[in-house]
Amino acid sequence: MTPHDRRPHDGKPHDRWILRTENTTYAVALAGDGQWAELTAWGPHGVETGPSALDWSRRTHFITPADAAPAEYIPYGLRPFTGADLVAQRPGEERGVWWRFTDATEDGDRALRLVFTDELLGLTAALCYEAVPGTDVILRWTELTCTGDTELRLERFDSAAVNIPAEAGARLTCLTGQWAREFQLTQLELARGRFEMASTQGVPGHAYAPWLAVQDAASPAEGATPTYGIALEWSGNWHITADAEPGGAVRVRAGRLPHESAVRLASGATLTTPRLACAFSPDGLDGLARVWHRYERHLTGDRMDRPRKVLYNSWEATGFDVDAASQLELARIAADMGAELFVVDDGWFTGRPDDTGGLGDWHPDPASFPDGFDHFVSRVRDLGMDFGLWIEPEAISPNSALYAEHPEWVYRVEGRPATLVRNQLLLDLGRVDVQDFVLATLDRLLGDHDISYLKWDMNRPPTERGRPGAGPVERQDLDAAHVAGYLRVLDHLRTEHPHVTVEGCAGGGGRIEHATIARTDVVWPSDNTAPLDRLSIQYGYLHAHAPHTMSSWVTDSPGVFDPRPRSLAFRFVSSAAGVLGIGADIRTWPEERRAEAAEWIARYKEIREVIHHGEVGLLNTPADATCGVQYEEPGGGRVVVTAWNTGRLDGAPLVPGRPARLRLRGLDAAARYRDAASGQVYSGAHLVHSGLPFAWTERYDAELVVLVRQ
Ligand code: DGJ
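Before going into details, it helps to say that this report is about the structure given with it. (Residues numbered from 1 in each chain as written. Predicted model: local features only at pLDDT ≥ 70, side-chain atom pairs only at ≥ 80, totals over all residues. Heavy atoms only, no water.)

This part is about helix α2 (residues 284–300). Compared with an ideal rise of 1.5 Å per residue, which puts 17 residues at 24 Å, α2 spans 25 Å between its outermost C-alpha atoms and is within 8% of the ideal. Counting buried positions over the 17 residues of α2 gives 14, a clear majority of the element. (Helix = DSSP H or I, 4+ residues; strand = E, 2+ residues; numbered from the N terminus. Expected span 1.5 Å × (residues − 1). Buried < 20%, exposed > 50% of the residue type's maximum accessible area, 1.4 Å probe, protein only.)

Attention now moves to the nonpolar core. Within the largest apolar cluster, 197 residues are counted, with the highest numbers of intra-cluster contacts made by L114, L212 and F376. With eight residues, helix α4 (residues 324–337) is the largest single contributor of residues to this core. There are two domains that each give this core at least three residues, and those are domain 1 (16–301) and domain 2 (629–709). Those residues in contact with L212, other than ones at most four positions away along the chain, are L172, T173, C174, F195, M197, Y228, G229, I230, I240, A242 and V252. Among the nonpolar cores identified, the runner-up in size contains 17 residues, and V639, L667, L687 and L707 belong to it. (Core = buried A, V, L, I, M, F, W, Y, C linked by side-chain atoms within 4.5 Å. Domains from an automatic or database assignment. Contact = heavy atoms within 4.5 Å.)

In spatial order, the strands read β1-β2-β3; together these three strands make up an open sheet with antiparallel pairing. On the outer flanks of this sheet lie β1 (16–20) and β3 (36–44), each paired with one strand and no other. In this sheet, adjacent strand axes meet at a mean angle of 20 degrees when their direction is disregarded. Bridge analysis of strand β2 (residues 24–31) against β3 gives eight bridges, and the strand direction is antiparallel. (Pairing = 2+ DSSP bridges. Axes fitted to C-alpha atoms, helices over the stretch in contact; angles between N-to-C directions.)

Throughout the structure, instances matching the rule amount to 42 salt bridges. Each of R303, R306, R494 and D521 takes part in a single network of salt bridges with overlapping partners. (Salt bridge = Lys/Arg side-chain N within 4 Å of Asp/Glu carboxyl O.)

Below, the discussion takes up unusual backbone geometry. Trans is the prevailing form of peptide bonds, just as negative phi is the prevailing case for residues other than glycine. Residue P558 is reached from S557 by a cis peptide bond, and omega for that bond is -5 degrees. Tracing the backbone shows P558 in the loop between β29 (551–554) and α11 (568–576). Despite not being glycine, F62 shows a phi value in the positive range, around 75 degrees. Position of F62 relative to the elements: it lies in the loop between β3 and α1 (65–68).

Here V162 lies in strand β10 (residues 160–165). The spatial distance from the C-alpha of V162 to the C-alpha of E72 is 6.4 Å, given a sequence separation of 90 residues. Discounting residues that sit within four places of it in the chain, V162 has contacts with Y26, W42, R140, I230, V250, R251, V252 and C278.

Let us now look at the pairing of strand β7 (residues 123–131). Along any regular strand, the residues point their side chains to alternate faces of the sheet. The element β7 is extensively covered by neighbouring structure, given that eight of its nine residues are classed as buried. When strand β6 (residues 111–118) meets β7, the two strands line up antiparallel, connected through eight bridges. By the bridge assignment for β7, D118 is matched with L123. Between β6 and β7, which pair antiparallel and follow one another directly, the connecting turn spans four residues, one of which, G122, has a positive phi of 85 degrees. Pairing geometry for β7 and strand β8 (residues 137–146), over nine bridges, is antiparallel. Each residue of the ladder has a partner; that of E130, found in β8, is L139. The antiparallel hairpin formed by β7 and β8 contains five residues in its connecting segment, where G134 sits at a positive phi of about 75 degrees.

Two aromatic rings, taken as a pair, are described by how far apart their centres are and by the angle between their planes. Taken as a whole, this structure holds 29 aromatic pairs when the rule is applied. Ring geometry for W348 versus F349: centroids 5.1 Å apart, planes at 75 degrees, classification edge-to-face. No difference in accessibility class separates W348 from F349, as the two residues are buried. Through a chain of ring-to-ring contacts, three or more aromatic side chains come together here, namely W348, F349, W362, F369, F373, F376, F387 and W390. Just above the ring of Y411 sits the side chain of R465; from NZ or CZ to the centre is 5.1 Å. The ring of W524 carries R534 above its face, with NZ or CZ at 4.6 Å from the centroid. (Phe/Tyr/Trp six-rings, centres within 6.5 Å; stacked < 30°, edge-to-face > 60°. Lys NZ or Arg CZ within 6 Å of the ring centre and 35° of its normal.)

Here we come to the side chain of E245. Topologically, E245 is positioned in strand β16 (residues 238–245). Assessed through its relative accessible area of 8%, E245 is described here as buried. Here R79 takes part through its side chain, which lies 3.4 Å from a polar atom of the side chain of E245. Residue contacts for E245: discarding those within four places in its chain leaves D67, A69, R79, T82, R192 and R251. (Polar contact = N/O pair within 3.5 Å; in protein donor to acceptor, adjacent residues only side chain to side chain.)

This next bit is on the packing of α11 against helix α12 (residues 591–613). In a packed pair of helices, the relevant descriptors are the angle between the two axes and the axis-to-axis distance. Two numbers describe how α11 lies on α12: the axes approach to 10 Å, and their chain directions differ by 25 degrees. Classed by the angle they form, the pair α11 and α12 counts as roughly parallel. When the axes of α11 and α12 are compared, the crossing they make is right-handed. Touching L568, A569, F572, V573 and A576 of α11 are R593, E596, A597, W600, I601, Y604 and I611, all from α12. Of the residues contributing to the contact of α11 with α12, the split by class is ten nonpolar, no polar and two charged. (Parallel < 35°, antiparallel > 145°, perpendicular 65-115°, else oblique. Left-handed = near helix turned anticlockwise from the far one by under 90°. Nonpolar A, V, L, I, M, F, W, Y, C, P; charged D, E, K, R; others polar.)

Right, here's the structure in full:
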């Protein structure tokens, strides 16, 4: 950043700063006589010209102007009543911060840093902004420095707050769920009061994604509705709070939640909060999804160039019953069908006949691989496939050799019983010795064997989360330490083993956020692969995350979860909507089914680049009889449509000559598009206004259409 001083002059600060993304402007001004910064405009370029839609604070009584202000970041003290982003004190003294603006540096309209100082307390706060190139995302975070001689206690230290005008109250859209039911798109209206989502599970969790979209409740969710979104880049405990404020705005605050309920900031120390990604689209939730997809392609960087290989994973077929013979049988069939990568899931290591043991002792079980693990891996590779392995590096079984050697590596509270979740305990990955053990384990496995794919799983939250003997609890920050350890190991994988593809998983979708997405290649949204359940999981997921990150398997139907059967085509089209994998017990599949699968895999390989790089349109919802996803190739040459009949046959689908229609989005009305399979030619206008037709029958319930622009 080229520093450019914007100190307040003549004692009356009134400065204003502009950040610009590809299509949006974010304007900030000093207010309150230089005591805080306010948002004055956020929206399409030009929105900053005109009076602020959020400025009503001068007309309030009984609360302070700071309470009513659309403040960018404001502490308790200065803002006494309506919810502050920072709560700080000297230990034992009154809480409260009263600061003043002291400095600003900016880098054109791309980056900004606003500094506020409370000299009496000894605290400076730098509000940091960065517009992400090629996207409509602004990253925001805060750096808090203790400048006095006395340490500070921080009870709340959010990353940022965003203020959104919502005259008639707000429509909040969030992604909620539980294990095997993640990413359910959930909407609620907030006219007054507070809405809060959080996780204290040491990971973002299955219950809520650290993601929120906000719209004015008076406008429809789709179409030309201004839509604002936030997503917190943090792999540990978090919270997001939305307050409907009296003046017709919603103020959303987001940040970490420390395990110890507060952190200490030592004299001279700086705490940097996680980054909050702030996104805007003028085109409803569907448009906001495209903003997030583009941002995640940016996070993936050069690794976007690697085609995501068609995977076979053995978990649903063999569970813990892993041995070379059964795995090779699966591998041969998978290779014949066109799979490019074979992943052995849980159960390959010593002491793991079931989920009661083995975790921590990461050595291939010689009883399962009698000719040696390398021999097994090379036989998989001889089939023309890459080889991948499941691992749960943070986990430890109480009966493992690792636990016998290092019981002190486990989170625990002295004198209290340890809760077992899935029969296992959790390593304190915040400890450097534990991180070093995990790094050495991964280096050994990746060095000793020809492994090009790792699935990193995590199946239990920290319960008794202590580190006995490590000094006063109030000076620990176990959650941040665990996250730092997790990211250190992932960063090591990326730099030391760049050829290895990494899949992120936490009992399904328990740890999916931008820090993980930036360091992995794909993530596993849910253990639930049942066709109709999966459709709504993926529908929610695609609102927040990009298709190239969405690992998805074709499994048997009816299978482990939802018993409603759907066709093989349905399951293939559903998995092809992201990164296609197979997880079924293909040993039981008759020849015709394997042949059909081979055809689907071949078709997917032809269009996966469009799926992973294209602009997405989410068409209808899984609650509709027909829904789909459209992917438009950059440059618009091909448009791929994945479409499903969800089984609701009300409406038109089974009436001959009256097919169901899916209206596509944003195509060039004058262009002509040819269906590559049928040869049918449509105009863009027809596809957008009348829709792409599907003549569903009871058996024909899904389609993958490739439209080639003429
Ligand atoms: C949970 C994961 O989500 C599953 O895919 C599988 O890997 C199991 N763990 C294995 O224990």
